[in-house]
Amino acid sequence: MNQPCRWHTPDPTKPANHLTKDCSRTKRLMTKAAMKEGFETLPPPPPLTGANAQPVYAQQTRPQQQGVHQVAQGNNNHAPPPTPQGRNVYHDPDVCCVVFVTEPRDRQSMHRRSMEVNAVIPAVPKYMLWSEQEITWSFKDHPKVMPNPGGYALVVDPIMHGTSSRVRFSKVLVDNGSSINIMYRHAMHTLGITENMLEPSRTTFHGIVPGLSCSPMGKVRVDVLFGSRDNCRVENILFEVVDLDSPYHALLGRPALAKFMASTHTAYLKMKMPAPNGPLTVVGNYTISLETASAGSNLAESLVIAEEKRRMQTAVALAQSSQLNLAAMSDPLSGPAFKPTKETKDIVLDPAYPERTVRIGAGLNEA
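Rules behind the numbers
- Residues numbered from 1 in each chain as written.
- Predicted model: local features only at pLDDT ≥ 70, side-chain atom pairs only at ≥ 80, totals over all residues.
- Heavy atoms only, no water.
- Helix = DSSP H or I, 4+ residues; strand = E, 2+ residues; numbered from the N terminus.
- Buried < 20%, exposed > 50% of the residue type's maximum accessible area, 1.4 Å probe, protein only.
- Contact = heavy atoms within 4.5 Å.
- Areas by Shrake-Rupley, 256 points an atom, 1.4 Å probe, with all protein chains shown as cover.
- Core = buried A, V, L, I, M, F, W, Y, C linked by side-chain atoms within 4.5 Å.
- Salt bridge = Lys/Arg side-chain N within 4 Å of Asp/Glu carboxyl O.
- pLDDT = per-residue confidence, 0-100.
- Pairing = 2+ DSSP bridges.
- Disulfide = S-S within 2.5 Å.
- Axes fitted to C-alpha atoms, helices over the stretch in contact; angles between N-to-C directions.

## Let's talk about the overall build of the protein chain
A count of helical and extended segments in the protein chain gives six helices and 17 strands. Here the protein chain, with 367 residues, has 24% of them falling under the buried criterion. Across the protein chain, contacts joining residues at least 24 apart in sequence account for 57% of those joining residues at least 6 apart. Approximately 27,200 Å² of the protein chain is accessible, and the part contributed by carbon and sulfur atoms is 55%.

## Brief notes about the nonpolar core
Ranked by internal contacts, the top residues of the largest apolar core, which has 32 residues, are Met160, Met183, Phe226, Phe239 and Met271. Contributions of two or more residues to this core are made by strand E6 (172-174), helix H3 (185-190), strand E10 (218-227), strand E11 (232-242), strand E12 (250-252), helix H4 (254-260), strand E14 (270-273) and strand E15 (280-283). It is E10 that contributes the most residues to this core, four residues altogether. Core analysis: the next-biggest nonpolar cluster, separate from the first, contains eleven residues, Ile180, Ile182, Cys214 and Val242 among them.

## What to know about the pattern of salt bridges
Where charged atoms from two side chains of opposite charge come close, those side chains can pair. Per the counting criterion, the structure on display carries five salt bridges. A salt bridge links Asp157 to Arg168; its shortest N-O distance comes to 3.7 Å. Here the residue Asp157 occupies a position in the loop between strand E3 (155-156) and strand E4 (159-161), and Arg168 occupies one in strand E5 (residues 166-168), the gap between them amounting to eleven residues. For Asp157, a relative accessible area of 34% puts it in the partly exposed group. The class for Arg168 is partly exposed, based on a relative accessible area of 49%.

## What to know about the confidence of the model for the protein chain
Averaged over the protein chain, the pLDDT score is 77; the fraction of residues at 70 or greater is 73%. This stretch, residues 56-65, has a pLDDT under 50; its non-local contacts, to residues over four places away or in other chains, come to 18 contacts.

## A closer look at the sheet that holds E10
The eight strands are arranged E3-E6-E12-E7-E11-E10-E4-E5 in an open sheet whose pairing can be described as mixed. Across the chains shown, the open sheet's two edge strands, defined by having one partner strand only, are E3 and E5. In this sheet, E10 lies alongside E4 in antiparallel orientation, the contact comprising three bridges. Bridge pairing in E10 links Met160 to Val224.

## Some words on the state of the cysteines
Using the criterion set out here, one finds zero disulfides in the structure. Cys5 carries a free sulfur, and the closest cysteine sulfur to it, the one in Cys23, is 3.6 Å from it. In this model Cys96 remains outside any disulfide bridge; the closest cysteine sulfur is found in Cys97, 7.7 Å from its own. The exposure class assigned to Cys96 is exposed, which follows from its relative accessible area of 65%.

## Examining the sheet that holds strand E13 (residues 263-265)
Pairing in this open sheet of three strands is antiparallel, and the strands run E13-E14-E15 from one edge to the other. Strands at the two margins of the open sheet, each flanked by one partner only, are E13 and E15. Neighbour-to-neighbour, the strand axes of the sheet open up by a mean angle of 20°, direction not taken into account. Where E14 lies against E15, four bridges are found, and the strand directions are antiparallel. The residue bridging Lys270 from the neighbouring strand is Val283, located in E15.

Right, here's the structure in full:
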């Protein structure tokens, strides 16, 4: 009875918006049954006890739909329905699990960690730039269409200032899990930057090809612009330039997000940052996100296949080499066997020990 209406739920993936006990058809059937038993009205329900005393909401019983989430056309100024409390009740944990990591023991790391731990709070706090603006999220930021919330990467289209021109790149990935900002070689050439303009870099990162590391060509600073003529924001970002194929032009990691003081919303696929004329909202593109994700998956698969093929060729070459040198490698400590010529003779060194002989050429004298 406390489940979505069984009379108006033909498809389990699309449950009704009311409960079975609240359905008018259920009430009519119950009224007819009560009249047959001699009651003029329905008898009162029994009191709820224990776990049944908790209120049950119809929204809880709905499964999480992976389809397209839509809101009404027009502005989003109408307040959404109140969120039911339901299961959102705090309970103390029974067990705490802690992961211990190994810290570096070199002198520089220990000194830096000691300075961080023993830092003194200044009397006058020092705030980061643009900290005076508040970044908030509400139902007004809810997009009209939300296909599979959380299933798409945030891909933006900033303007980057090159040596001789300004270029708008339509496929720049925002990655909150990256500790560096990456620019790919083809984007570097588009901006008019050459290899001799790069600064040396000691950064090494993983994840492009499984099991292998990658070192960048160098690093370069580029001005990155978000917004429009009415309200924009420009910051100078340090990029690690890599010589790799990618469906993206560049990648903005945590350093860039911290520089812009930006806040991302995974479900809304949007990013907000402070700007001179108020907070600036950058909206992601679902279509481009889907295209780049598909191309990136195919590229990663091809890289893995190429790496496996290279390792297989190396193994085959080693196997063939071992088969060719099998006779020589059977006794690697022994030298080449001596094969005497046919014209030889044996000379006894001592008549008392006739078994002690030496083999010499047939044309040599015994003396």
